[in-house]
Amino acid sequence: MSSTNQVAIAGVGMHAWGKWGRNFTEYGVHAARAALKDSGIAWADVDLVVGGETVRNGYAGYVAGSTFAQALGWNGARIATSYAACATGAQAIDTARARIMAGLCEVALVVGADTTPKGFLAPNAGERWNDPDWLRFRLLGMTNPAYFALYARRRMDLYGATSEDFAQVKVKNARHGLENPYARFRKESTVADVLASPVVSDPLHLLDICATSDGAAAVVLTSMEYAKKHGIVDPVRVAAVSTVTPTFPNTVIDMPLLSTDSSALTGIPDHTFKESLAQAAYDEAGIGPEDVDVAEVYDLSTALELDWIEDLQLCKPGEAEVLLRAGDTTIGGRIPVNPSGGLACFGEAVPAQAIAQVCELTWQLRGQATGRQVEGARVGITANQGLFGHGSSVILAR
Amino acid sequence: MTATPVIDGWFTTGDEPHLLASRCTTCRNVVFPPVSSDAGAAAFYCRNPACDGEAHESVELSRRGTVWSYTDAQYQPPAPYVPASDPYQPFALAAVELPEGLVVLGQVADGFGVADLKVGAEVELVIETLHADESGERTTYRWKPVSA
């Protein structure tokens, strides 16, 4: 793979996930300073700040790029703010990457941070009969876990997946995250623990579903030339950022919609939206799934991790349970998935999460993921999906 | 007080109710929910990217379809969901594939749960009470398993 059209990851940093009850700006600045320190680049040399927007923290959250830049002390850098639901962090990275690749900036700081309420994520207050996200609650009582449950049930009825398989994903990820200092939940789970937890939306139990968390993640991106000039040797590179949207007809029901497109005119497309996210990343990086050493995927539910493994073409549809049962997706296996512990150990901090995936893969590719290292990893891929046709897949290589 | 649909223009009532969809008069692509001025979308722009149609007609969707997947809500969903009873009673949900080529999410009829459903099983549209408010009972569409 050629290193032209790539940018360097000069530094990464995070604030530990949890329920800290403090301002999102504080988490974001903590992560930003950690990433800057990791890069050895001074804040004064950053010429672009891209913030991941948070929709739960008022105006400061809507202009997150500005909020973080001001909190770090105005340095004259340009700013941008991205919002793409759960894919916010990847879109922020893509914005920074594009400006670097265009030669319009050399050093970009990308930061995402959030505070989240307890319980189901719900729409903002008010009556909005033209907002699908409001209507799905009012007319159907359709929560996010209910969508995850639809996908999980389909795996069971079509592929013979079991509740024990789903629980085994949690067991694996809980073990992976034990040594991760940024994970919120660092405790082993057993299959029995998961099955004994209450059913939220059949077939998913409480421990199959990720929590919502406070947290922050940041990366410092530079041009390859800048990295070379400043003695950053053999940096992890961003080989691809895929943020493609669905193509018509989108035939898999997607949050927060109440229906799919009709396939009557065109037939069922060859690839689902999630499959196309990964394919676009592979195409851009010029590699294939056989080149991947490690994956960080969006396990909003345990069953969704299995869907992603197939969407990333790490196995054929319906075979993810086979990989799981054989230990292939465990650290030490053929293709470890979620060595960080995944959302199972973190809980979701929306605008930070896709950046956190990139932080983890950076540590993995540098050989710095203490206690959870995938030995010899050179290529990593992320996968993530948000509401309203957002999603991302990022490929890092070294 | 009489029962009224919780939302206008999405379904017909009576013995053989149907969901209402908007069909492009140019390419015949069908969308649900339908274009509705009540829902703040009076204008129609065809969502088929190969079509620039701007006129639509209302069509009834098939009353029967097959289950794409299903689940339930064991805990009371947050507002703006309005619980039908106190204490809360869990209900089931189904995504149903219709012959018109689209999948439509709905609640499952009263008295039926996930044990009554299977991917690929046949279901039929019924109209039932969703909840009551100051104007009386509000009705909605639901999917009811068709017994073999």
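So, here is what we can say about the structure in this document. (Residues numbered from 1 in each chain as written. Chains lettered and ligands numbered in written order. Predicted model: local features only at pLDDT ≥ 70, side-chain atom pairs only at ≥ 80, totals over all residues.)

What about the overall build of chain B?
Stage number 1. Secondary structure assignment for chain B yields zero helices and nine strands.
Stage number 2. Secondary structure of chain B in N-to-C order comes out as β-β-β-β-β-β-β-β-β.
Stage number 3. Here the C-alpha coordinates of chain B stretch approximately 50 × 40 × 30 Å along the principal axes.
Stage number 4. Taken over 148 residues, chain B has a buried fraction of 38%.
Stage number 5. When contacts within chain B are restricted to residue pairs at least 6 apart in sequence, those whose partners lie at least 24 apart make up 57%. (Helix = DSSP H or I, 4+ residues; strand = E, 2+ residues; numbered from the N terminus. Buried ≥ 20, exposed ≤ 12 C-beta atoms within 10 Å, placed from the backbone. Contact = placed C-beta atoms within 7 Å.)

A look at the sheet that holds strand 4 (residues 56-60) of chain B
All names here are of chain B.
Stage number 1. Reading across the sheet, the three strands line up as 3-2-4 and stay open at both edges, with antiparallel pairing between neighbours. Strand pairing shows two members of the sheet lacking a second neighbour, strand 3 (30-31) and strand 4, which therefore form its edges.
Stage number 2. Strand direction decides the pairing type here: strand 2 (residues 20-24) and strand 3, joined by two bridges, are antiparallel. Directly across from Ser22, in strand 3, lies its bridge partner Val31. (Pairing = 2+ DSSP bridges.)

Points about the nonpolar core
Stage number 1. Val110, Ala218, Val219, Leu221 and Ile355 of chain A together with Ala94 of chain B are the most contacted members of the largest nonpolar core, which totals 167 residues.
Stage number 2. With 10 residues, helix 14 (residues 350-366) of chain A is the largest single contributor of residues to this core.
Stage number 3. Two domains share this core, each providing at least three of its residues, namely domain 1 (20-60) and domain 2 (64-145) of chain B.
Stage number 4. When near neighbours in sequence (up to four residues on either side) are disregarded, Val110 of chain A contacts Val50, Ala92, Ile93, Ala96, Ala218, Val219, Leu221 and Ile355 of chain A. (Core = buried A, V, L, I, M, F, W, Y, C linked by C-beta atoms within 7 Å. Domains from an automatic or database assignment.)

Quick notes on unusual backbone geometry
Most peptide bonds take the trans configuration, and most residues that are not glycine carry a negative phi.
Stage number 1. Going from Met255 of chain A to Pro256 of chain A, the amide bond is cis rather than trans, its omega being -5°.
Stage number 2. With respect to the helices and strands, Pro256 of chain A occurs in the loop between strand 8 (236-242) and helix 10 (273-285).
Stage number 3. Here the residue pair Ala79 of chain B and Pro80 of chain B is connected by a cis peptide bond, since its omega of 15° sits within 30 degrees of zero.
Stage number 4. Within the secondary structure, Pro80 of chain B is located in the loop between strand 5 (64-73) and strand 6 (91-97).
Stage number 5. A positive phi angle, close to 60°, is found at Gln313 of chain A, a residue other than glycine.
Stage number 6. When you line up the elements, Gln313 of chain A lands in the loop between helix 11 (302-311) and helix 12 (320-326).
Stage number 7. According to the C-beta neighbour criterion, Gln313 of chain A is partly exposed, with 16 such atoms within 10 Å.
Stage number 8. At Phe388 of chain A, a position not held by glycine, the phi torsion is positive, near 60°.
Stage number 9. The topology assignment puts Phe388 of chain A in the loop between strand 10 (379-385) and strand 11 (391-397).

Notes on the pairing of strand 2 (residues 48-52) of chain A
Residue and element names in this part refer to chain A.
Stage number 1. Among the five residues in strand 2, five count as buried, and that is most of the element.
Stage number 2. The side-chain alternation of strand 2 yields two buried faces, one formed by Leu48, Val50 and Gly52 and the other by Val49 and Gly51.
Stage number 3. Pairing between strand 2 and strand 3 (residues 78-82): five bridges, direction parallel. Along strand 3, the bridge assignment pairs Val49 with Ile79.
Stage number 4. In this structure, strand 2 lies alongside strand 4 (residues 107-114), joined through five bridges in parallel fashion. Residue pairing for strand 4: Gly51 is matched across the bridge by Val111.

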